[in-house]
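As a plain string of letters, each chain reads:
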Amino acid sequence: FPPAVFPLSCAVQSYSWGKVGLESEVAKLLASSDPLVQIQPDQPYAELWMGAHPRGDAVIRDNRIPQKTLGQWIADNPACLGAKVKDTFQGRLPFLFKVLSVNTALSIQAHPNKELAAKLHAQFPEHYPDANHKPEMAIALTPFEGLCGFRPVEEIVSFLQTVPELRALAGGGGGGSGSDDPRGVSAALRVCFTRLMKSEKKFFVDQLNMLVKRISQEVAEGKDTSGSNGDLLLRLHSQYPGDIGCFTIYFLNLVRLEPGEAMFLGANEPHAYLHGDCVECMACSDNTVRAGLTPKFIDVLTLCEMLNYTPAPSSSKIFPATQSQLDPSVYLYDPPVPDFAIMRIEIPPSIKLYLVSAVDSASILLVIQGTAVGTSTAAASEMTLRRGSVLFISANESISLHLSSPDGMLLLRPCCLL
């Protein structure tokens, strides 16, 4: 039998928003997994792609395997996915796993559901390259900040009252904040947000400059600018001067995640990552509808049409992990989509032999901390695992870890639990 468990060497994307050199978690993981890697101190290391995406297919690190990449190997050995996964997802790995190291904000964006994705792909294939949905989950590796979902109405109304420049662009908040009919609230929010996002460029740039000037003066005078979300406004404006996205901070929740905390981004949920390091798992798609904080193609009309305008507090955006009944070292993040789930495996220092158990799905194993030697009946030889190591594990295969680190191990393992 060919080996069904093997190490991977993964693709790095150096997008301009990434953290630079060894400030980046991506770079740190690379450097510790492979001592021969030269980290360039002035290059951004934004994303590490662990999967079989054609634009970043992982390379197999096992010279007994004739296929060069994971994508080729899965195509030749589709049974490795697990029977259900193979049938449900047409012989393809249903998820892409990444590490992201974010230095400056990513665009204000949302991902379409399957129905809208099919329509956008048919109409504008150059901007929407496939017909799939793209739900995502982010788990923080370091303190992580992002914008996610619409704020409670009271908060938005308060900003509309406190920030005259916002009021000039978005209007007075159409219907105020009566907590009457939630559909009415969502409709008013849609009107307000769409008016902001579609405002004339020259007009919103003038308003933004006025606002930034006013907040900067208040900061210089030692005043508290939290009522105008001053700190975040100045930070985003310094990264994307004159960008309409700067105003979205008054509509969207600021979500802060501590390491191990997660957020799930379902279809039509507006979001933008701001700063920090995380792992991210997503369905296999490149469909992103953008509307600000970006030099890329923006599609304001589609975005404003598709968004979920349900207001909710930022605390509701944190997605809980549940501890496994069978193995107390395993915490499962199981989002409401079939494409993926993520296991966080925390092996305490007291355990020196640990079994990474078999699941009926192909999975990827990323070592965040700790060292071990891994053995498997499905592997060609024993494998050294250290921080940054990545393994592919075929369905129904297990690995025994012989731990050598004094402080246990932390592993992340995306899979598909149908």
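A quick note: this is a predicted structure, and the numbers were derived from the prediction, not measured.

Here we look at the pairing of strand β21 (residues 390–393)
Thought 1: Alternating positions in β21 separate into two faces, Val390 and Phe392 on one and Leu391 and Ile393 on the other, with burial throughout.
Thought 2: Bridge count for strand β1 (residues 5–9) against β21 is three bridges, and the pairing is antiparallel. Considered in β21, the bridge of Val5 is made with Ile393.
Thought 3: Summarising the sheet, strand β18 (residues 363–369) and β21 pair through four bridges and their orientation is antiparallel. Counterpart to Ser363 in the pairing with β21 is Ile393.

So, helix α5 (residues 153–162)
Thought 1: All of the buried residues in α5 are Val153, Ile156, Val157, Phe159 and Leu160. Taken end-on, α5 shows its buried residues confined to a sector of 160°, consistent with a single buried face. Facing away from the buried side of α5, by more than 90 degrees, are the exposed residues Glu154 and Gln161.
Thought 2: Buried positions along α5 lie against α6 (164–170) and α7 (182–197).

Notes on the UniProt feature "binding site: Zn(2+)" (unreviewed entry) in the protein
Thought 1: What UniProt calls "binding site: Zn(2+)" (unreviewed entry) maps, in this numbering, to Gln109, His111, Glu136 and His271. Separation in sequence by 163 residues is not matched in space for these annotated residues, since their most distant C-alpha atoms are only 12.1 Å apart.
Thought 2: Summarising the element assignment, His111 is placed in the loop between β6 (108–110) and α4 (114–123).
Thought 3: If we skip the residues at most four places from it in the chain, His111 touches Lys134, Glu136, Ala267, Asn268, His271, Asn287, Thr288 and Met306.
Thought 4: Polar side-chain contacts of His111 include one of 3.4 Å to the side chain of Gln109.
Thought 5: Taking relative accessible area as the criterion, Glu136 reaches 2% and is therefore assigned buried.
Thought 6: Residues within four places of Glu136 in sequence aside, it is in contact with His111, Met263, Phe264, Leu265, His271, Tyr273, Glu280, Cys281, Met282 and Phe340.
Thought 7: Side-chain polar atoms of Glu136 contact the side chain of His111, separated by 3.2 Å.

About the thresholds
Residues numbered from 1 in each chain as written. Predicted model: local features only at pLDDT ≥ 70, side-chain atom pairs only at ≥ 80, totals over all residues. Heavy atoms only, no water. Buried < 20%, exposed > 50% of the residue type's maximum accessible area, 1.4 Å probe, protein only. Helix = DSSP H or I, 4+ residues; strand = E, 2+ residues; numbered from the N terminus. Pairing = 2+ DSSP bridges. Arc of directions from axis to C-beta. Contact = heavy atoms within 4.5 Å. UniProt positions renumbered as here; feature names shortened; annotations may be inferred. Polar contact = N/O pair within 3.5 Å; in protein donor to acceptor, adjacent residues only side chain to side chain.

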